[in-house]
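Breakdown of the fold
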Amino acid sequence: MDDRAAERFSVVLSALTFIGIVVGFAAPYVGWAALSPLGFGLVYLAGGVPTARRALKSLWHERSLDIDLLMIIAALAAAGVGAPAEGAILLFLFSLSTTLETLALGRARREVEALMGLRPETALRKTGADVEEVQIAQLEVDDVVVVRPGAKIPVDGIVLSGEGEIDESTVTGESMPVSKAPGAKVFEATVNQSSVLEMRVSATMSDSTVARMIQLVTEAQAARAPSERFSAWFGQRYTIGVLAGAVIALAIFLWLGREWSDAAYRAAVVLVAASPCALVISVPAAILSALSAAARGGVLFKGGAALETFAAVSQFAFDKTGTLTTGRAEVTGIISLGMPEDDFLSLVSGLEAHSEHPIAAAVHRTANKRGLAPASVSDVVTRPSEGITGRDAMGMLWAGNRRMAARMGVDVEKPAFAALLDEAETVIWVGRGARILGAVAVADSVRASSRPALDQLREAGIDRIAMMTGDRRPVALRIGAELGLSPDEIHSDLLPEDKVHLVGEMAKAGKVAFVGDGVNDAAALARAEVGIAMGAAGSDVALEAADVALLSEDMARLPAAHGLARRAARIIRQNLVFAMGAMLVLVSGALFFELPLTLAVIGHEGGTVLVVMNGLRLLFDSVRSVSSRSAAIDAVKDVIRPQEIGRAMQESRSCGTPGWR
Ligand code: ADP
Ligand code: MG
């Protein structure tokens, strides 16, 4: 049965139970009392049989006692003690809440499904002079693909020819188009706006940036939130406890000298009152809603655990380059000491051809603009936070910061560099062995959204915000000042392990979130309680080490996501307290105050519905600063597979939501 059919079936069953209830209760008043048992019978059939089937199935296949079983036993017990009407109400309300849950979750899932259609299906492959249309699954690495204006980039690749604007909002959430020239990376599902581009495929469909993100998120769904695990664990034990409790209550009432039928009625009330439906559904309803609201805004949490921990974070540490700054650096100065500037630049460009660092990209662009071909360099090794080394026909080459230069035994305190160093810009020195060849200065600007994002975090009561960079002090201080950071929260000249150490120091005062993009941030991302990677622009290693991926370039979504996580945590607490409280009241009513079965049933089901509604509120929450429907669609499309959502939702089913299969 497909999902739609399952939903319709569920609606029909609930409608039947409703008819049964109406007939059962109304018949005596219109003089057809004989019809009443027929009505209740219908409820037991339409509401009870599917529930019993599910209960037996999980008892048989998973050896687990669940709430379906409790419900069916309670309904039968009610009928057994001569209260078939109450049993029928229980089944009717149970069926109704099940159907509402199914419909709500199904709608959310279909919304995502609709977004899936936006990924292109075919691409134009060029072989020699021929151009043919092929399925994107058939594309292989190094194939050449032609992308027409207005068409989607079919897979990740590198531009070979053509220059134009690409709308990358599908991947990054950034609405400003980005201009791309030969050599630039383009991402699957982004839109080529104006010109004909030829591109070389760099990753197959299953390896694309988008696919990798999907994988990260879906893998992570296995990592359940602690409170979610608690309630699942609790649900199992508790079901057994409730069954045992009802039997014990029966025994005690009999021992107190009650009539058999009266004692059995009391035991049935206890059974209904103590059923933990609300408790079990309270956490997943909230977490699932929050995760999908976040995903809609381009913030992907690797599971509920990350969401819960994020809510408890009280300190943030940020990487600088590519995180607080745009990472789209520009070369602002070149000093070559011994060879023509163009030769020098093509040498550096050849060395940096193997690096993904923003500095490398800046060097390429400048070399490209001047029409310089990169020199051929081999044996390239990158040293995170220091630089890069390699070898050409004439020997060993290196480029990097002061630390790298010192490693090579080079003194960079030369008057020739004074002018470069006066500007608070990033400088890399280039040398051949112990001989210095020159230096390149690179300027990177602060993201427009960084300052407001940090201000919002401060307003939200975040105790401490620090910046950690491998860059030199003057640059760090300038950027930090633009962001309103105090100098003692600005840490510069760091190696990757220094970042880890500093995060560890911060962690003594409270939970830390580290936000970063680079290879040099991976260790710190893993060390922090919550690692947040800049998704589309960041490196794969960072993405893998992180717990959260920020697909958007809009830093404002970070405080928004933090707010969402906090609201989710609050709703979970509310739900747990409410569910426990309601249960306590109902159970004591059942044991000590002759609570009628009808009230127990209504209290129990009503509580469950309230808790689910409270959780689903988060679905309408948003992490986007500007709320536009299309931006919402952009961020999710292609990122999450409907069947994965289905699975996640199925896992979260507790109070008898029919399975999706
Ligand atoms: P951040 O921590 O701000 O992201 P990094 O740790 O990535 O900065 O870089 C620190 C410094 O290391 C850079 O400012 C640069 O001097 C040097 N460096 C890193 N990677 C390279 C590279 N590929 N080429 C040259 N220099 C590099
Ligand atoms: Mg960085």
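Before reading further, recall that the structure is shown in the block above.
Residue numbers here run from 1 along each chain, matching the order of that chain's written sequence. For this description, chains carry letters from A and ligands carry numbers from 1, given in the order in which they are written. Local features in this predicted model are restricted to residues whose pLDDT is 70 or higher, and side-chain atom pairs enter the listing and the counts only when it is 80 or higher, whereas totals over whole chains, interfaces and linings include all residues. Side-chain measures were taken over the full set of non-hydrogen atoms in the model, leaving aside hydrogen atoms and water.

Let's shift gears to the pairing of strand β20 (residues 512-516). Burial classes follow relative accessibility: with a 1.4 Å probe on protein chains only, a residue under 20% of its type's maximum area counts as buried, one over 50% as exposed, and anything between as partly exposed. What counts as a helix is a DSSP run of H or I of at least four residues, what counts as a strand is a run of E of at least two, and both are numbered from the N terminus. Along β20, five of the five residues are buried, which leaves the element largely enclosed by surrounding structure. Sheet analysis places strand β11 (residues 315-319) next to β20, joined by four bridges and oriented parallel. Paired with F316 across the strands is A513, a residue of β20. Pairing analysis gives four bridges linking β20 to strand β21 (residues 530-534), with the strands arranged parallel. The partner of G516 across the bridge, within β21, is A533. Tracing the backbone out of β20, into helix α19 (residues 522-527) and back to the parallel element β21 gives a crossover that is right-handed. A pair of strands is considered paired only if DSSP assigns at least 2 bridges between the two. A clockwise path from the first strand over the helix to the second, with the strands pointing away from the viewer, defines a right-handed crossover.

This part takes up the coordination of the magnesium ion (ligand 2). Four donors placed tetrahedrally around a metal ideally meet at 109.5 degrees, and six donors placed octahedrally ideally meet at 90 or 180 degrees. The coordination sphere of the magnesium ion (ligand 2), as far as protein atoms go, consists of D319 (OD), T321 (O) and D517 (OD), spread over 2.2 to 2.3 Å. For the magnesium ion (ligand 2), the single-chain donor residues occur in sequence as D-x1-T-x195-D. Taken together, the residues span a long stretch of sequence, with T321 in helix α11 (residues 320-324) and D517 in the loop between β20 and α19 at a distance of 196 residues. Each member of the pair, T321 as well as D517, is classed as buried. In this listing, donors mean N, O and S atoms no farther than 2.8 Å from the metal, or 3.2 Å for Na, K and Ca; water is missing from the atoms, so a site can look incomplete.

The rule is short: rings of Phe, Tyr and Trp, with Trp giving its six-membered ring, pair when the centres are within 6.5 Å, and they are stacked under 30 degrees, edge-to-face over 60, tilted in between. Tallying each qualifying case throughout the model produces five aromatic pairs. Here the aromatic rings of F25 and F40 are separated by 5.2 Å at their centres, their planes lie at 80°, and the arrangement is edge-to-face. One end of the pair, F25, is in helix α1 (residues 3-26); the other, F40, is in helix α2 (residues 36-61), with 15 residues separating them in the sequence. Residue F25 is classed as partly exposed on the basis of its relative accessible area of 37%. We classify F40 as buried; its relative accessible area is 10%. Seen in terms of ring centroids, F316 and F318 are 6.1 Å apart; in terms of plane orientation they differ by 20°. Their pairing is stacked. Classification of F318 by relative accessible area gives buried; the value is 0%. Among the aromatic side chains, those forming a connected cluster through ring pairs are F310, F316 and F318.

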